[in-house]
Number of protein chains: 2
Amino acid sequence: MVRPGGRSARVQASVHAAVRELEAEQGREALTVPLVAARAGVTPSTIYRRWGDLQELLSDVAVERLRPEAPPEDRGDLASDLQAWAEQFLEEMASPPGRAYIRDALLGDPDGSNAGRCSAYAAEQVDVILARAVDRGERAPEVEAVMDRVVAPLMYRILFRPDRLDAAFARGLVAGLLDSPVR
Amino acid sequence: MVRPGGRSARVQASVHAAVRELEAEQGREALTVPLVAARAGVTPSTIYRRWGDLQELLSDVAVERLRPEAPPEDRGDLASDLQAWAEQFLEEMASPPGRAYIRDALLGDPDGSNAGRCSAYAAEQVDVILARAVDRGERAPEVEAVMDRVVAPLMYRILFRPDRLDAAFARGLVAGLLDSPVR
DNA sequence: GTGCAAAAGCTAATGCTTTGCTTTAGTTGA
DNA sequence: TCAACTAAAGCAAAGCATTAGCTTTTGCAC
């Protein structure tokens, strides 16, 4: 039986908060389950039972931090919207903390559900941009096309080839997609 | 000072072998540093000092296993070569063991060098295919284009969206790239 | 308000990890 | 070839994360 309210929710909130605080204060490396438990006012066994281990807990917290806080900015046309979004996405994800969150999210994720959530966040944002373009009467590519041609190359490089990544590369991906005759 | 030969090399080899044997015998989850050390005929502190922790050791071993063993098959033309390679790449990487190796390689990789090596392996294979095509007089895209339009989308889905991945998707990516007027 | 069950607390035992010191063995130069 | 030097491995004890069994709390349903 799932118990979303009451003590369970309080414990979850205080543990997440403890992770964020300690991460900010002492850095990612210093985190341990007993340390987080002490800050959260909880016994370590509670964390082990609910999350399994430190990695799964960090994965949960990382996914929360990767959730976009606002819909993408409306700049008036599809190309501008997509380019601005791609640049911002790259900037956030390629930054040292962004990279750490992505790694953590993938890391403690036995069934892939957290990774799926990250991908869904990006798809949602893209979908908003594309829907706006369609409302304006613009021709717009499919969400999947944007995922394959913009999001995937950015994420691949962030994970596998940390060097030579800049805003121009993101713009080029968007331009390449929008220039394709077959959208 | 680096000492590539002698005892260091023997220890490295026997530790790697121990990881592979135990992984096959008892499964990935059962691995611990003391267990690997015992099998390798080494003290645990040796492993901790050389690799830091279990994850970094597994990352090293995983990269070895992701190294391609043979150059890609020559089927006579670029489209066939690339499609066959993409399908095989997907099959290997998306399989449960393949996914485990990718995760391990990314996971215990503080500086990103192991991830870079994985990416370089794929780029090398692609490069062989493209060079063969050029030799035949075919027009061929740049390696970077193949990485962005074929490898990246495959890897992105393997990592972030494990469902809905099949050979047809890989073929579609290759076809989409080769159909592009601007290569 | 009573009963049930999920989740948290507590505690002791286990064993992974770290660390300081010693020993082994590969490398260099006479 | 031998001796000095030093990187790397062995050893052992201390520290601490993790697990597991049991008890207690607390949310939920009747």
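Our subject is the structure listed above.
Residues numbered from 1 in each chain as written. Chains lettered and ligands numbered in written order. Predicted model: local features only at pLDDT ≥ 70, side-chain atom pairs only at ≥ 80, totals over all residues. Heavy atoms only, no water.

(A) Region of the structure containing the overall build of chain A. Of regular secondary structure, chain A possesses nine helices and zero strands. Reading the secondary structure of chain A in the N-to-C direction produces α-α-α-α-α-α-α-α-α. In terms of overall dimensions, chain A has a C-alpha envelope of 60 × 40 × 25 Å along the principal axes. Expressed as a percentage of contacts within chain A between residues at least 6 apart in sequence, the contacts between residues at least 24 apart total 68%. Taken as a whole, chain A presents about 9300 Å² of accessible surface, with 50% of it coming from carbon and sulfur. Chain A carries 23 positive and 29 negative side-chain charges, and their two centres are separated by 4 Å. (Helix = DSSP H or I, 4+ residues; strand = E, 2+ residues; numbered from the N terminus. Contact = heavy atoms within 4.5 Å. Areas by Shrake-Rupley, 256 points an atom, 1.4 Å probe, with all protein chains shown as cover. Lys, Arg positive; Asp, Glu negative; His and termini not counted. Charge placed at Lys NZ, Arg CZ, Asp CG, Glu CD.)

(B) Representation of unusual backbone geometry. A positive phi angle, close to 55°, is found at Arg164 of chain A, a residue other than glycine. Looking at where Arg164 of chain A falls in the secondary structure, it is placed in the loop between helix H8 (143–160) and helix H9 (167–179).

(C) View of the pattern of salt bridges. Scanning the entire structure with this criterion turns up 30 salt bridges over all chains. A salt bridge links Asp148 of chain B to Arg157 of chain A; the shortest N-O distance between them is 3.4 Å. Remark: Arg157 of chain A occurs in helix H8 and Asp148 of chain B occurs in helix H8 (residues 143–160); the pair is interchain, linking two chains. The pair formed by Asp148 of chain B and Arg157 of chain A is uniform in burial state, with each residue classed as buried. Among the salt bridges present, the one from Glu25 of chain B reaches Arg39 of chain B, with a minimum N-O distance of 2.9 Å. Here Glu25 of chain B, found in helix H1 (residues 7–26), pairs with Arg39 of chain B, found in helix H2 (residues 33–40); they are 14 residues apart in sequence, far enough to count as distant. The class for Arg39 of chain B is partly exposed, based on a relative accessible area of 36%. Members of the salt-bridge network, linked through shared partners, are Asp74, Asp81, Arg132, Arg136 and Glu138 of chain A. (Salt bridge = Lys/Arg side-chain N within 4 Å of Asp/Glu carboxyl O. Buried < 20%, exposed > 50% of the residue type's maximum accessible area, 1.4 Å probe, protein only.)

(D) Examining the protein's contact with DNA strand D more closely. The immediate surroundings of DNA strand D are formed by 24 residues, with Tyr48 of chain A together with Ser45, Thr46, Arg49 and Arg50 of chain B found nearest. At the protein interface, 71% of the atoms of DNA strand D within 4 Å belong to sugar or phosphate. Within the side chain of Arg49 of chain A, a nitrogen or oxygen atom sits 3.0 Å from a base oxygen of DNA strand D. In this structure, Arg50 of chain B approaches DNA strand D through a side-chain N or O atom, which is 2.7 Å from a phosphate oxygen. Of all the secondary structure elements, the ones that give two or more residues to the surface near DNA strand D are helix H1 (7–26), helix H2 (33–40) and helix H3 (44–51) of chain A together with H1 and helix H3 (44–51) of chain B. Among the residues making up the surface near DNA strand D, the classes are represented as six nonpolar, 10 polar and eight charged. (Near = heavy atom within 4 Å. Polar contact = N/O pair within 3.5 Å; in protein donor to acceptor, adjacent residues only side chain to side chain. Nonpolar A, V, L, I, M, F, W, Y, C, P; charged D, E, K, R; others polar.)

(E) Looking closely at the protein's contact with DNA strand C. As a structural note, the neighbourhood of DNA strand C is formed by 22 residues, with Thr46, Arg49 and Arg50 of chain A together with Tyr48 and Arg49 of chain B the closest of them. Interatomic distance of 3.2 Å between a backbone N/O atom of Thr43 of chain A and a phosphate oxygen of DNA strand C. Counting only elements with at least two residues in the surface near DNA strand C, the list comes to H1 and H3 of chain A together with H1, H2 and H3 of chain B. Looking at the surface near DNA strand C, its residues break down into six nonpolar, eight polar and eight charged.

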